[in-house]
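The primary structure of each chain is shown beneath.
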Amino acid sequence: RLRGTPFQIAYETYVNRNWEIYVMNADGSNPVNLTQTPEEHEHYPQVSADGTRILFSVDEGEGREAVRSLCVMDIDGRNRRKLTDHAREPFWAPEGRSIGFLPQEYSKFNVIDYYTKGMSFCDLATGRIDPHPNTAHLHHLYNPGCSANGTWIVSTVHAGMGVDHAILLLAAHG
């Protein structure tokens, strides 16, 4: 039944000792490597609500010297653009014109998922980055996502903000 649908699935996979971003048809056919970057590891693809772009993380370098960046590209892999360094956990705003992300807690890389401090938003047209109004009080968040109306952000917190482990609902604009 999925063969005739126009939908695709974006995913990460480990190929030739490297993490890459692929898309495939909804029925699993026609996998296409969009990134093809042997010196970088791409992770965590997030497809825009209109299905035209993919937001993802990129790790460049090795060990603690690696830098995690955020990039966006068209769904076919074209027009790749770096948005910011030392960031993780990207998520789309519902209107598709901006993204949210969590800055790393420290500049040295760490694979721990809750290695974050603050929250920021990037306007994709201008590249302008603005902090969340309560950014100074937000730390150790991960897996954030925005509500369909853009009013709320839901996120997990681990050993931060006075909480051992919980799911929080945050006002998107403070």
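Everything discussed here concerns the structure shown above.
Quick caveat, the model's predicted, so the values are computed rather than measured. (Residues numbered from 1 in each chain as written. Predicted model: local features only at pLDDT ≥ 70, side-chain atom pairs only at ≥ 80, totals over all residues. Heavy atoms only, no water.)

1. Concerning the sheet that holds strand β1 (residues 8-15)
Piece 1. The strand order across the open sheet built from 3 strands is β1-β2-β3, with neighbouring strands paired in antiparallel fashion. Edge positions in the sheet fall to β1 and β3 (32-33), since each of these pairs with one other strand and no more. (Pairing = 2+ DSSP bridges. Helix = DSSP H or I, 4+ residues; strand = E, 2+ residues; numbered from the N terminus.)

2. Some points on the state of the cysteines
Piece 1. Enumeration over the complete set of coordinates arrives at 0 disulfides.
Piece 2. Looking at C122, it has no disulfide partner, and the nearest cysteine sulfur is the one in C71, 11 Å off.
Piece 3. Free of any disulfide, C146 has its nearest neighbouring cysteine sulfur in C122, separated by 15 Å.
Piece 4. A relative accessible area of 26% means that C146 is categorised as partly exposed. (Disulfide = S-S within 2.5 Å. Buried < 20%, exposed > 50% of the residue type's maximum accessible area, 1.4 Å probe, protein only.)

3. A look at the sheet that holds strand β4 (residues 40-47)
Piece 1. Ordered in space as β4-β5-β6-β7, the 4 strands form an open sheet in which the pairing is antiparallel. With partners counted over all chains shown, the strands left at the sheet margins are β4 and β7 (81-85), one partner each. Geometrically, the sheet is characterised by an average inter-axis angle of 25 degrees between neighbouring strands, direction not taken into account.
Piece 2. Here strand β5 (residues 53-60) runs beside strand β6 (residues 67-74); their pairing, made up of 8 bridges, is antiparallel. Paired with V58 across the bridge in β6 is S69. (Axes fitted to C-alpha atoms, helices over the stretch in contact; angles between N-to-C directions.)

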